[in-house]
Amino acid sequence: MVINMNCFTVISSDTLFNYLKEILPKKSKNNIKSLLSNGCVLVNDKTIKNFDYQLKANDIVKIIKKINNINILYEDNNIIVVDKPYNLLTISDGKDNIHTLYHYVLEYLKAKKQKIFIIHRLDKDTSGIVMFAKNEKVKKLYQDAWNTLAIKRGYIAIVSGKCSSKKTLKSYLKENNNMMVYSSSNGKLAITHYEKIKECDNYSMLQVYIDTGRKNQIRVMLKEDGNPIIGDKKYGSKINPLKRLALHANILEIKDPITKKIYTFKSIYPQEFDKLFKGCDKDVF
């Protein structure tokens, strides 16, 4: 089951504002203007804020909910799935307890008299899908069998240079006293797969999947394979054209431990990633 936000297919041409009035009859004009101004409306996966934007037949309109400008991808009685921005801690590092994804979602759920529990996390410099539990039982069910229940974990990465069209990387990773992860014969097994999506003279965009969830796994293994992620100074990148780490968690497919249903959550990678391929855009597939 692919989980999307409220999603609508346009039947005939109209302005975006008029269309929103039609599909959201319970919303006032001010509510609709607020959705637009706050970036909660996407047309064909691009944020549109202009109320007079002209829609065409077969355009896809999506309406998203937000917490502190953070997209909510899915929510039910047991979990909440959100789209973490770049440069935001998932949980506190002991120095800042307020400016974290956990705190923002906590405040949102507190207003609904619900709780929050960590299931997994992303590095501060990585954007994309993060899932929290709303009760301790669900948290434990997921954490105890995360590698089994998280059926597919996908990331978009942009690396320096050209690389293979498709490859599987295997290594044994270990962390040293300086919190650097590296390959070691007595480390823990890490398995990473990638397929090239786009390339140009200087960069390659990869769809990455991981079978294991070791710390900094993708960053370390791509670096050791000769193609560090751009913006990743910690693991060998000497360039930073986007002023951020070019890594985004775009797919999370899970098996609900209670209902046994399969859910697929997707997040669109940041639009600035495509800027690096303008003028030399070569789609591989």
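This section reports on the structure supplied with the text.

### A few points about the overall build of the protein chain
Here comes step 1: Looking only at helices and strands, the protein chain features 7 helices and 20 strands.
Here comes step 2: Its C-alpha radius of gyration of 20 Å places the protein chain within 12% of the 19 Å reference for a compact globule of 285 residues.
Here comes step 3: Overall size of the protein chain, expressed as C-alpha extent along the three principal axes, is 60 × 50 × 40 Å.
Here comes step 4: Relative to its 285 residues, the protein chain shows a buried fraction of 48%.
Here comes step 5: Here the contacts in the protein chain between residues at least 6 apart in sequence split such that 63% fall between residues at least 24 apart.
Here comes step 6: Accessible area of the protein chain: about 15,100 Å², with a carbon and sulfur share of 48%.
Here comes step 7: Positive and negative side-chain charges of the protein chain, numbering 49 and 29 respectively, have mean locations separated by a distance of 3 Å.

### Quick word on the pattern of salt bridges
Here comes step 1: Tallied over the entire structure, the rule returns 13 salt bridges.
Here comes step 2: Of the charged contacts in the structure, one is a salt bridge between Asp144 and Lys140, with a shortest N-O distance of 2.6 Å. Highlighted residues: Asp144 and Lys140, both in helix H4 (residues 136-144), separated by 4 residues, approximately one helical turn.
Here comes step 3: The partner of Glu175 in a salt bridge is Lys215, and the shortest N-O contact between them spans 2.8 Å.

Thresholds applied
- Residues numbered from 1 in each chain as written.
- Predicted model: local features only at pLDDT ≥ 70, side-chain atom pairs only at ≥ 80, totals over all residues.
- Heavy atoms only, no water.
- Helix = DSSP H or I, 4+ residues; strand = E, 2+ residues; numbered from the N terminus.
- Rg over C-alpha atoms; globule rule 2.2 N^0.38 Å.
- Buried < 20%, exposed > 50% of the residue type's maximum accessible area, 1.4 Å probe, protein only.
- Contact = heavy atoms within 4.5 Å.
- Areas by Shrake-Rupley, 256 points an atom, 1.4 Å probe, with all protein chains shown as cover.
- Lys, Arg positive; Asp, Glu negative; His and termini not counted.
- Charge placed at Lys NZ, Arg CZ, Asp CG, Glu CD.
- Salt bridge = Lys/Arg side-chain N within 4 Å of Asp/Glu carboxyl O.

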